[in-house]
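Here are the chains, one letter per residue:
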Amino acid sequence: GVFAKLNGLRLSKGKPALGFLNPFIYKNPSGFQDVTSGVNNAGTSYGFSAIKGWDAATGFGTPDFKALSALVMSMNGVRSEAAIIV
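Residues numbered from 1 in each chain as written. Predicted model: local features only at pLDDT ≥ 70, side-chain atom pairs only at ≥ 80, totals over all residues. Heavy atoms only, no water.

Along its length, the protein carries 3 helices and 2 strands. N-terminal to C-terminal, the α/β element order of the protein is α-α-β-β-α. Counting the 86 residues in the protein, one finds 27% classified as buried. Accessible area for the protein stands at about 5,600 Å²; split by element, carbon and sulfur atoms hold 61% of it. (Helix = DSSP H or I, 4+ residues; strand = E, 2+ residues; numbered from the N terminus. Buried < 20%, exposed > 50% of the residue type's maximum accessible area, 1.4 Å probe, protein only. Areas by Shrake-Rupley, 256 points an atom, 1.4 Å probe, with all protein chains shown as cover.)

Put into C-alpha cells, the structure is as follows:
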C-alpha cells in the first residue's frame, strides 16, 4: 500500500520505518486530498456524509503520495513525530 511505499523511501535513505501511523496521519492532513461530497449509505437510509476535513465516510480523504513523500522524508525520526510513547 501507500504507507509501505513511504516506509520503503525512508528505509532507502537509512531512516527508520514510520511505526504506528495514527499520530502521523492526524498531524498531517495536508498529505491527503480531502473528499467533501458524497455519502456511503449503500442505497439505504443510514450512512455518513463526506464533509470538509475529517469525516467518518472518507477519513482525511485520498492519500496524496507526493505530499506524503515530502512529509515522511522531512522527518528525522519517528518517536516524537509518528509514534505514541506510553
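Having seen the structure, we can now continue with the description.
When helix H1 (residues 2-12) is considered as a whole, its buried residues turn out to be Phe3, Leu6, Asn7 and Arg10. Along the axis of H1, the buried positions cluster into a sector of 100°, meaning they face one direction only. Exposed side of H1, more than 90 degrees from the buried face: Ala4, Lys5 and Ser12 are the residues found there. Against helix H2 (22-27), strand E1 (32-33) and helix H3 (65-74) lie the buried residues of H1. Just downstream of H1 lies Gly14, where phi reads positive at about 75°. (Arc of directions from axis to C-beta. Contact = heavy atoms within 4.5 Å.)

Let's shift gears to the packing of aromatic side chains. A full pass over the atoms with the stated rule returns 3 aromatic pairs. Here the aromatic rings of Tyr26 and Phe60 are separated by 5.3 Å at their centres, their planes lie at 75°, and the arrangement is edge-to-face. Of this pair, Tyr26 sits in helix H2 while Phe60 sits in the loop between E1 and strand E2 (62-63), and the two are 34 residues apart along the sequence. Connected via pairs of aromatic rings, a cluster forms that spans Tyr26, Phe32 and Phe60. (Phe/Tyr/Trp six-rings, centres within 6.5 Å; stacked < 30°, edge-to-face > 60°.)

For the rest of this paragraph, the subject is unusual backbone geometry. Despite not being glycine, Ala42 shows a phi value in the positive range, around 50°. Tracing the backbone through its elements, the reader meets Ala42 in the loop between E1 and E2. A relative accessible area of 76% places Ala42 in the exposed class.

By themselves, these figures tell us nothing about what the structure is for.
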